[in-house]
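Secondary and tertiary structure notes
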Amino acid sequence: MPYPKTAIVIGGSIAGLLQGLQLKRNGVNVTILEQDHSEERQSHASGVQVGPRLAALLETLDATGRPSSIPADFLSVAWRKHLRIIDRPAPRHMSNWGTLYLILRANFDGKASGVVPDPPSPGEGEGEVEYRAGKRAVGLTYSQDDGIIHVEFEDVNTGEKDIIGAEMVIAADGVHSTVRKLLDIPSEKKYSGYIGWRGVVPERLLTPETVEYFSNRLNFSLMKGAYSISYIIPTEAGEVAPGDRFVNWVWYFRVAGDSPEMANIFTDINGKMHHSTVPQGLVQPDLWVRQKEQYLEQMTPPLAELIDRTPRPFISKATDLDGTDYPASFFDSRLILVGDAYTAFRPHVGMASEQAAHHCWQMDRVWREEITQEQRDREAALFAKRFLLLNRFVGLTGMELWFQVLGTVASYAWMGVKHLLEFV
């Protein structure tokens, strides 16, 4: 199957932009439909790991020359009050969602921003593109005679509907994927048993000693039945210079599902109950004060300072969505599920963007006819299953849920046995 002439990407976040940009660079005319209507997307300055697949893809696709990440050359582990029981080389790069999004938008449709004030011009032979914000997919139809998929969509503000068609549709609309629902694919997320208190702190609000402690490292802090991950990321404006950066942290904390405690935590300052995330600025102040008063003394001094000086924390549930038991492609392989729309991981090892990049590399091989779509789908399922289990293992170990850790290890071993048996 060669590269299509036209494509529609449903979902305009990182996974959708990566796919859209790759298609554009290969001469495909691309329309991205993104249901968020806001010009400035809300990112909470969330941390993103730029793994080897994503780094290689950005090297190929990014024409801005803008630094997208900050190196973290070591992995460090604190235990209880002990600052570092492990400190070893483990190179990686860390970014934030907003910086990466704006770099990709500059490349895709020339969106200017503080991160990329002068976007690159389209290259020779590239496809024509359009990023249509505030458009929600509401229907899919496939004409087998001419190989065209038609996407019906509505304007989220006016309700006005329209239809467009293309040879290829990429569903990159995330863990709450509308496309999964339209295709009647189960999309129930699994709650992990713990939540993540989260935040970012400007370096200028921290002591030099604390900034130095977190610098150039992915930091794990293991507490009693809880743990934290922290690392340095660019600002929302893409600043990467020391002194101008953010320190990003996530603190995983056990909360029983459907409990009164859960209901209280996910009720915001206006009395509204949130299903999965309480955004910045809406967390109950008294709740945050009590959380810190009860647990800061259990932390290392650098972590306690970091969390105590966080100006606007937010909260999210740690969940995952296993899509590996269901197809990844539909309509004669003209509709493909990618990124979190296919399988969503718990956030412990930062693999969401890496999976999105992996799917780009896979589809490029399909369109260059190096592998079949069936081979690609099997590879995607194995990749997803591996990292579902790896993320669960890391999270459950950090939370000291040892019985569940053993079950996850057994599942990983059995997955490996089944994979080997396929080739016997």
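Re the overall build of the protein
Across its full length, the protein carries 11 helices and 18 strands. Principal-axis analysis of the C-alpha atoms gives the protein an extent of 65 × 55 × 45 Å. Residue pairs at least 24 apart in sequence account for 68% of intrachain contacts in the protein once pairs closer than 6 positions are excluded. A total of about 18800 Å² of accessible surface is found on the protein, and carbon and sulfur atoms cover 52% of it. Looking at charge distribution, the protein has the averaged site of its 43 positive side-chain charges lying 6 Å from that of its 53 negative ones.

Considering the sheet that holds strand β18 (residues 335-337)
Across the sheet, which stays open at both edges, the 6 strands sit in the order β6-β2-β1-β10-β18-β17 with mixed pairing between neighbours. Two strands bound the open sheet, and with one partner strand each, they are β6 (129-133) and β17 (329-330). Here β17 runs beside β18; their pairing, made up of 2 bridges, is antiparallel. Paired with S329 across the strands is I336, a residue of β18.

With respect to the UniProt feature "domain: 2,6-dihydroxypyridine 3-monooxygenase substrate binding" (unreviewed entry) in the protein
Feature annotation in UniProt assigns "domain: 2,6-dihydroxypyridine 3-monooxygenase substrate binding" (unreviewed entry) to the following positions: residues 191-320. With 25% helix and 35% strand, the stretch residues 191-320 has end C-alpha atoms that lie 7 Å from each other.

A short note on the sheet that holds strand β13 (residues 226-233)
Pairing is mixed in the open sheet, where 9 strands are placed in the order β3-β5-β4-β12-β13-β14-β11-β16-β15. Looking at which strands have only one partner, the edges of the open sheet turn out to be β3 (47-50) and β15 (277-278). Where strand β4 (residues 70-79) and strand β12 (residues 217-223) come together, 6 bridges link them in parallel fashion. When the sheet's bridge partners are listed, S76 is paired in β12 with N219. In this fold helix α3 (residues 97-109) packs onto β3 and β5 (82-96), with an angle of close to 25 degrees to the strand it touches most, β5.

Observations regarding the environment of G125
Its place among the elements puts G125 in the loop between α3 and β6. Through-space distance from the C-alpha of G125 to that of K24 is 9.0 Å; in sequence the pair is 101 residues apart.

Regarding the domain arrangement of the protein
The assigned domain composition of the protein is domain 1 (6-66 + 96-188 + 321-399) and domain 2 (190-319). A straight line from the C-alpha centre of domain 1 to that of domain 2 covers 28 Å. With 25 residues of domain 1 in contact, the opposing surface of domain 2 contributes 29 residues. Taking both sides of the interface into account, the surface hidden between domain 1 and domain 2 amounts to around 2100 Å²; carbon and sulfur atoms contribute 51%. Counting every contact that joins domain 1 to domain 2 gives 0 salt bridges. For the side of domain 1 that touches domain 2, the secondary structure elements donating two or more residues are β3, α3 and α10 (373-398).

Describing helix α11 (residues 402-421)
Helix length check: α11, at 20 residues, gives a terminal C-alpha distance of 29 Å against a target of 28 Å (1.5 Å per residue), a fit within 8%. Taken residue by residue, α11 has V405, T408 and M415 as its buried positions. Projected down its long axis, α11 shows its buried positions confined to an angular sector of 80 degrees, all on one face. Pointing more than 90 degrees away from the buried face of α11 are the exposed residues W402, F403, L406, W414, L420 and L421. On the buried face of α11, the contacting elements are α10.

Let's talk about the packing of helix α2 (residues 52-61) against helix α9 (residues 352-367)
It is at 8 Å that the axes of α2 and α9 come closest, and there the two elements cross at 55 degrees. Our classification of the angle between α2 and α9 gives oblique. For the element pair α2 and α9, the recorded crossing hand is left-handed. Together, P52, R53, L54, A56, L57 and T60 of α2 and S353, E354, A357, H358, C360 and W361 of α9 make up the contact between the two elements. In terms of residue class, the contact of α2 with α9 is made up of 7 nonpolar, 3 polar and 2 charged.

Structural notes on the pairing of strand β11 (residues 190-202)
Among the 13 residues of β11, 10 are classified as buried, and the element is accordingly described as predominantly covered. In the sheet, β11 pairs with strand β16 (residues 314-320) via 6 bridges, with the strands oriented antiparallel. Counted as the bridge partner of K190 is D320 from β16. Pairing between β11 and strand β14 (residues 246-254): 9 bridges, direction antiparallel. What sits directly across from G196, in β14, is Y252.

A closer look at the packing of aromatic side chains
In total, this model carries 14 aromatic pairs according to the counting rule given. Ring centres of F220 and Y227 lie 6.1 Å apart, and the angle between their planes is 5 degrees; this geometry places the pair in the stacked category. Each residue in the set Y194, F220, Y227 and Y252 is aromatic and connected to the rest through ring pairs, giving one cluster. When the ring centre of Y131 is taken as reference, the NZ or CZ atom of R105 above it lies at 3.7 Å. One residue, R217, lies across the ring of F74, its end atom 4.9 Å from the ring centre.

Here's the deal with the side chain of S215
Tracing the sequence through the fold places S215 in the loop between α5 (208-214) and β12. Separated by 2.6 Å, the side chain of S215 and the backbone oxygen of V211 make a polar contact. Leave out the neighbours within four places in its chain, and S215 touches I232 and R245.

Considering unusual backbone geometry
One non-glycine residue, R80, lies in positive phi territory at about 55 degrees. Looking at the secondary structure, you find R80 in the loop between β4 and β5. On the basis of relative accessible area, R80 is assigned to the partly exposed category, the value being 26%. You will see that F331, though not glycine, has its phi angle at about 55 degrees, which is positive. Relative to the helices and strands, F331 resides in the loop between β17 and β18.

About the criteria used
Residues numbered from 1 in each chain as written. Predicted model: local features only at pLDDT ≥ 70, side-chain atom pairs only at ≥ 80, totals over all residues. Heavy atoms only, no water. Helix = DSSP H or I, 4+ residues; strand = E, 2+ residues; numbered from the N terminus. Contact = heavy atoms within 4.5 Å. Areas by Shrake-Rupley, 256 points an atom, 1.4 Å probe, with all protein chains shown as cover. Lys, Arg positive; Asp, Glu negative; His and termini not counted. Charge placed at Lys NZ, Arg CZ, Asp CG, Glu CD. Pairing = 2+ DSSP bridges. UniProt positions renumbered as here; feature names shortened; annotations may be inferred. Axes fitted to C-alpha atoms, helices over the stretch in contact; angles between N-to-C directions. Domains from an automatic or database assignment. Buried area = accessible area lost by both parts, 1.4 Å probe. Salt bridge = Lys/Arg side-chain N within 4 Å of Asp/Glu carboxyl O. Expected span 1.5 Å × (residues − 1). Buried < 20%, exposed > 50% of the residue type's maximum accessible area, 1.4 Å probe, protein only. Arc of directions from axis to C-beta. Parallel < 35°, antiparallel > 145°, perpendicular 65-115°, else oblique. Left-handed = near helix turned anticlockwise from the far one by under 90°. Nonpolar A, V, L, I, M, F, W, Y, C, P; charged D, E, K, R; others polar. Phe/Tyr/Trp six-rings, centres within 6.5 Å; stacked < 30°, edge-to-face > 60°. Lys NZ or Arg CZ within 6 Å of the ring centre and 35° of its normal. Polar contact = N/O pair within 3.5 Å; in protein donor to acceptor, adjacent residues only side chain to side chain.

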